[in-house]
Amino acid sequence: MEINLNRVDYLQVGVTSQKTMRLLPALGRKATQKVAIADHDGVITCFGMKKGEAVPVFKTLPGQTIVRLDLGGALGTPQEKIFVCAGSEVRGHTKKGKQFLAFEANLTENINAMHVSGSDLFVCASYIYNHYCDCKDQDYYLSGDKINDIVCLPAASMGRIVPVLACQDRVLRVLQGSELAYDIEVPGPPSVLEISNKDGGKWEDVLYGTADGKLGLVKIGESSSASKWEIDNEKKKGGVLCIDTYDILGDGVNDVLIGRDDGTVEIYGFDSSNEPTLRFEHVLSESVTSIQGGCVGKESYDEVLTATYTGWVTGLTTEPQQAEAGPGEEVKMSKETQTKVAALRAELEELQGKVLQGREKYQQTSQSSTALSAVPVFSVNDKFTLCQDDASYSLTLEVQTAIDNLLLQSDVPIDLLDVDKNSAVVSFSECDSEQPNGNFLLATYRCQANTTRLELKVRSIEGQYGTLQAYITPRLQPKTCQVRRYQVKPLSLHQRTHSVDQERPVNVLSLVGQFSFAEIHSWVVFCLPEVPEKTPAVENISFYFQNTFLGTQLEATYCKGEGHFKSDNISTISILKDVLSKEATKRKINLNISYDINEESVSHTLKMIHPKLEYQLLLAKKVQIIDALKELQVHEGNADFLIPEYRSILDDSPHLLEEYKKQPAHLERLYGMITDLFIDKFKFKGQNVKTKVSLLLEILDNYDLNSLMDFFNDA
């Protein structure tokens, strides 16, 4: 069954955070619901719809930024009390707007996730989980990595309330009191959780969405869990920011509503075998921070309500918004529509008048000698994440007003990759990287009108580390700019995994010295992405990583006074050795470094590079002959005389050229990795083989895996 939904914009509030909009329970079966939404200005707005107009129920005064909103109330009654958290305080308001609770949690960090259930309040700051009952402290848990979200399975399902934490290290942690009951490994860093069936049925099913766009459902048991289904992000859509369940298709089964950070809204229905299938998709121009299913605009018409980053509350309603007429027929506008159109016209004229007045006033004050200029403040929502599929970094910037231009500056060699969604015009400036503090990249993106969101892709080179800076200038007067900094780490293409393959041949780097656990942890944070900045509250720890480009792995185990790093790639060990010894020297710490090099690991790494290199060489060869084949085709009138292999190259030429354009430096990148591997292999033996690099490049130009391996062994 296909569904047709029409977009309706209701109103705009300030900039919003994730999960800050909820629908209050309906009073009757078919009645419309009120909407409660909180924003960064600290304002809670509650409104309902009457005759197509948004009518406010209440609006609170501005205050500290609100980052979460939840509904609560006594168990067994309608959940219509509004709870918000701002800073380390939780406030409660009735549905009429009267404040009845102001609870200061006295946490050292700001609350970033919250769940309310009856008289129980669950709050999470970056690493800390706290459970309060009637505002009295009950349970406490310190997580190993950042907590992104929390849901609680009600007492009805297991005899006790079961909190589930979504943690940045790709794990869902299920708690029992102040203890960890067990954890669940998920395929990406989970960003949002939602109970699958809130209106009765099985309470133990939890939906999760990840920062890299994957979805899944897990069944939470007493002592273990089971994964029911998982949806991969094959179309490279944005990360999941919000989830809700609601029967919008009207088939009696709750559908899954998804909002993503690239503006995509999705509805997944379930087929007869209970497998989720995508039934509807709509793209908004900015990230979707909250999503709810219900009835808002008109009674008896269900809709999907969304809130976006800049505060727009938008409905995708089942109510038809267009009337169709045949030839010669007249379309009569209802009284309601006529008044709506008249009101919109009047509002538009009023706004145009205000804009003209504002411009005139600004012109007068800008020429005045006594007027003071104030810098306009604007908020930027940014994300710098490693994409596993193509081993590149995605930089997403979202601003509450239109972006005028963006300047990217980097002091490390990085490649800019093409992004299909990006319509900005890019221009490069010349850089002198030889100078001290010189730049490797200076690029300016000039955005088209009304662009509030920009997505860029960059690829770094392992071993080269430094800072990437983005200077964001919006279309505001007076001109103002914000700078955002992103660290490109020495092992920037490594990603955390849950385990590594112990069968591979490994090289080991061991450090022993007078350093504390906090010091060696800070060095690991400096070298590798996705490591929690906070020093773990244990005596020793192990982290596992995988190189997203090559698939090689790294195991880091360390404690106070010693550290061991195992990898099947000798270049990874070489980078770690250089960076760690440099960091220790900075702090005047004497390190005793030893290493155990496994010769087999070099041929193992070459075999892992082989398929990628072979594919790129073949692609380059195909692209080289496309022009000649096209000329032959024009000359002969058709391509029937060509052998099937050449015909397929011609048919596939647009795709091949696009792929070749997307991977400009792929071959050089692979050549560089093989060269580094060659130099690093002999560096550990105390030999300098830089003079033989030209011979190596000759072999690579006439590539054959066996002759390359022979060269490595004989050199």
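Residues numbered from 1 in each chain as written. Predicted model: local features only at pLDDT ≥ 70, side-chain atom pairs only at ≥ 80, totals over all residues. Heavy atoms only, no water.

Undergrad: Explain the overall build of the protein chain residue by residue, including any values.
TA: Per the secondary structure count, the protein chain includes ten helices and 43 strands. Since a compact globule built from 715 residues should have a radius of gyration of about 27 Å, the 29 Å found for the protein chain is in line with a globular shape. Seen through its principal axes, the protein chain has C-alpha atoms that stretch 85 × 75 × 75 Å. For the protein chain, with 715 residues in total, the buried portion stands at 50%. Within the protein chain, contacts between residues at least 6 apart in sequence are counted, and of these 56% link residues at least 24 apart. Just so you have it, the protein chain exposes about 35,200 Å², and 49% of that area is on carbon and sulfur atoms. One way to put it: in the protein chain the 73 positive side-chain charges average out to a point 5 Å from where the 98 negative ones average out. (Helix = DSSP H or I, 4+ residues; strand = E, 2+ residues; numbered from the N terminus. Rg over C-alpha atoms; globule rule 2.2 N^0.38 Å. Buried < 20%, exposed > 50% of the residue type's maximum accessible area, 1.4 Å probe, protein only. Contact = heavy atoms within 4.5 Å. Areas by Shrake-Rupley, 256 points an atom, 1.4 Å probe, with all protein chains shown as cover. Lys, Arg positive; Asp, Glu negative; His and termini not counted. Charge placed at Lys NZ, Arg CZ, Asp CG, Glu CD.)

Undergrad: Please give an account of the sheet that holds strand β16 (residues 171-176) that cites residues and values.
TA: Taken in spatial order, the four strands line up as β14-β15-β16-β17 in an open sheet, and their pairing is antiparallel. In this open sheet, the two edge strands, each paired with only one partner strand, are β14 (147-153) and β17 (179-185). Between one strand axis and the next, the sheet turns through 25 degrees on average, direction left out of account. Pairing geometry for β14 and strand β15 (residues 162-167), over six bridges, is antiparallel. Directly across from V151, in β15, lies its bridge partner V164. (Pairing = 2+ DSSP bridges. Axes fitted to C-alpha atoms, helices over the stretch in contact; angles between N-to-C directions.)

Undergrad: Explain the sheet that holds strand β20 (residues 215-220) to me, using residue names and the numbers behind them.
TA: In space, the four strands of this open sheet follow the order β18-β19-β20-β21, with antiparallel pairing throughout. Of all the strands in the sheet, the pair left with one neighbour each is β18 (190-195) and β21 (225-231). Taken over all neighbouring pairs, the strand axes of this sheet differ in orientation by 25 degrees on average, direction set aside. Two strands pair when backbone bridges link them, and β20 and β21 are joined in this way by six bridges, in the antiparallel orientation. By the bridge assignment, V218 is partnered in β21 with S227.

Undergrad: Give a description of helix α9 (residues 693-701) that names residues and reports values.
TA: Listing the buried residues of α9 in full gives V693, L696 and L700. What you see down the axis of α9 is that its buried residues fit within an arc of 55 degrees, all on one side. Seen from the buried face of α9, the exposed residues on the opposite side, beyond 90 degrees, are E698 and D701. (Arc of directions from axis to C-beta.)

Undergrad: Quick rundown of the nonpolar core? Include the residues and the values.
TA: Counting residues in each nonpolar core, the largest one holds 84 residues, and the members touching the most others are L408, F565, L606, L613, I674 and F712. When residues of this core are assigned to their parent elements, the largest contribution, eight residues, is made by helix α8 (residues 666-683). Of all hydrophobic cores here, the second largest spans 16 residues; its members include V151, A166, V174 and I184. (Core = buried A, V, L, I, M, F, W, Y, C linked by side-chain atoms within 4.5 Å.)

Undergrad: Which residues make up the pattern of salt bridges, and what are the values?
TA: For side chains of opposite charge, pairing can occur when their charged atoms come near one another. Counting across every chain of the model gives 32 salt bridges. Residue E319 is joined to K298 by a salt bridge in which the shortest nitrogen-to-oxygen separation is 3.8 Å. Pair noted here: E319 is in the loop between β28 (312-317) and α2 (335-367) and K298 is in the loop between β26 (288-294) and β27 (303-308), with a separation of 21 residues, a long-range link. Judged by relative accessible area, which is 18%, E319 ranks as buried. Take K298: its relative accessible area is 35%, and that puts it in the partly exposed class. Three or more residues are tied together by salt bridges with common partners; here these are D145, D169, R173 and R496. (Salt bridge = Lys/Arg side-chain N within 4 Å of Asp/Glu carboxyl O.)

Undergrad: I'd like to hear about unusual backbone geometry, residue by residue, with values.
TA: The phi dihedral of K19 is positive, around 55 degrees, even though this residue is not glycine. Within the secondary structure, K19 sits in the loop between β1 (6-12) and β2 (21-23). For K19, a relative accessible area of 18% corresponds to the buried category.

Undergrad: Account for the pairing of strand β42 (residues 562-567), with residues named and values stated.
TA: Each regular strand carries side chains that alternate between the two faces of the sheet. Here β42 shows a buried face lined by G563, F565 and S567 and an unburied face lined by E562, H564 and K566. Note: strand β41 (residues 553-559) against β42, six bridges, orientation antiparallel. Of the residues in β42, the one forming a bridge with A556 is F565. Here β41 folds back onto β42 in antiparallel fashion, the turn holding two residues, of which G561 has a positive phi close to 85 degrees.

Undergrad: Let's hear about the pairing of strand β19 (residues 205-210): which residues, and what values?
TA: Most of β19 is tucked away: six of the six residues are buried. On β19, burial covers both faces: D205, L207 and G209 on one face and V206, Y208 and T210 on the other are all buried. The pairing of β18 with β19 spans five bridges and is antiparallel. Along β19, the bridge assignment pairs P190 with T210. Across five bridges, β19 lies against β20 in antiparallel orientation. Paired with D205 across the strands is K219, a residue of β20. If you look at the hairpin formed by β19 and β20, you'll find four residues sitting between the two strands, and G213 has a positive phi there, around 90 degrees.

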